[in-house]
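Here's the letter readout for the chains.
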Amino acid sequence: MAIQRTFSIIKPDATARNQTGVIAAKLEEAGLRIIASKRIRMSREQAEGFYGVHKERPFFGDLVAFMTSGPVVVQVLEGEDAVAKNREVMGATNPTEAAEGTIRKLFAENIERNSVHGSDAPETAAEEIKFFFTDAELVG
Ligand code: ATP
Ligand code: MG
């Protein structure tokens, strides 16, 4: 498996509880390198654009409201098989189904307020990285 990049968000439920450091540590312990990171407040337009694939889903409005309710930390992660490795350390979308030791099992509040986002494929990772970062911001 080659070195890949993936995109991660530490969501508002986690920034509110001061859990950015412990979540970043979990990612690093899994062998992922944080090659770019910034704390931002997402605009409504950004959140709607980012989650555009879900715009017909019943939870879309609530999801946009949640993602704009407080600061988030957007990050680019790099490492061996990074997309799958990040999804593995994150755990299942619904924390009640997440494996022991995963970020969502440890920290998520519920299926919406689930502490982290991670790209689901290398192609979406490339798009999501470009959505939030310029090439010059990927500092290694
Ligand atoms: P993410 O894309 O955030 O990494 P995911 O790929 O595990 O999570 P998706 O199906 O892409 O899950 O859903 C995107 C986000 O929408 C979820 O992380 C969660 O915050 C929210 N969400 C998903 N399903 C539901 C639901 N049934 N009710 C409320 N919110 C939901
Ligand atoms: Mg997803």
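This is a predicted model, so every value here is computed, not measured.

## Observations regarding the site of ligand 1
Point 1. In the vicinity of ligand 1, 14 residues are found, and the nearest of them are Lys11, Thr93, Glu112, Asn114 and His117.
Point 2. Residue lysine 11 places a side-chain N or O atom 2.9 Å away from an oxygen atom belonging to ligand 1.
Point 3. Glutamate 112 has a polar backbone atom sitting 2.9 Å from an oxygen atom of ligand 1.
Point 4. Of all the elements in the fold, those that place two or more residues in the shell around ligand 1 are helix H5 (82-90) and strand S4 (116-118).
Point 5. Looking at side-chain class alone, the shell around ligand 1 contains 5 nonpolar, 5 polar and 4 charged residues.

## Considerations on the side chain of glutamine 19
Point 1. Positionally, glutamine 19 belongs in the loop between helix H1 (12-16) and helix H2 (20-29).
Point 2. Residue class for glutamine 19 comes out buried when judged on its relative accessible area of 14%.
Point 3. For glutamine 19, the contacting residues outside a window of four places in its chain are Ala14 and Phe107.

Rules behind the numbers
- Residues numbered from 1 in each chain as written.
- Chains lettered and ligands numbered in written order.
- Predicted model: local features only at pLDDT ≥ 70, side-chain atom pairs only at ≥ 80, totals over all residues.
- Heavy atoms only, no water.
- Near = heavy atom within 4 Å.
- Polar contact = N/O pair within 3.5 Å; in protein donor to acceptor, adjacent residues only side chain to side chain.
- Helix = DSSP H or I, 4+ residues; strand = E, 2+ residues; numbered from the N terminus.
- Nonpolar A, V, L, I, M, F, W, Y, C, P; charged D, E, K, R; others polar.
- Buried < 20%, exposed > 50% of the residue type's maximum accessible area, 1.4 Å probe, protein only.
- Contact = heavy atoms within 4.5 Å.

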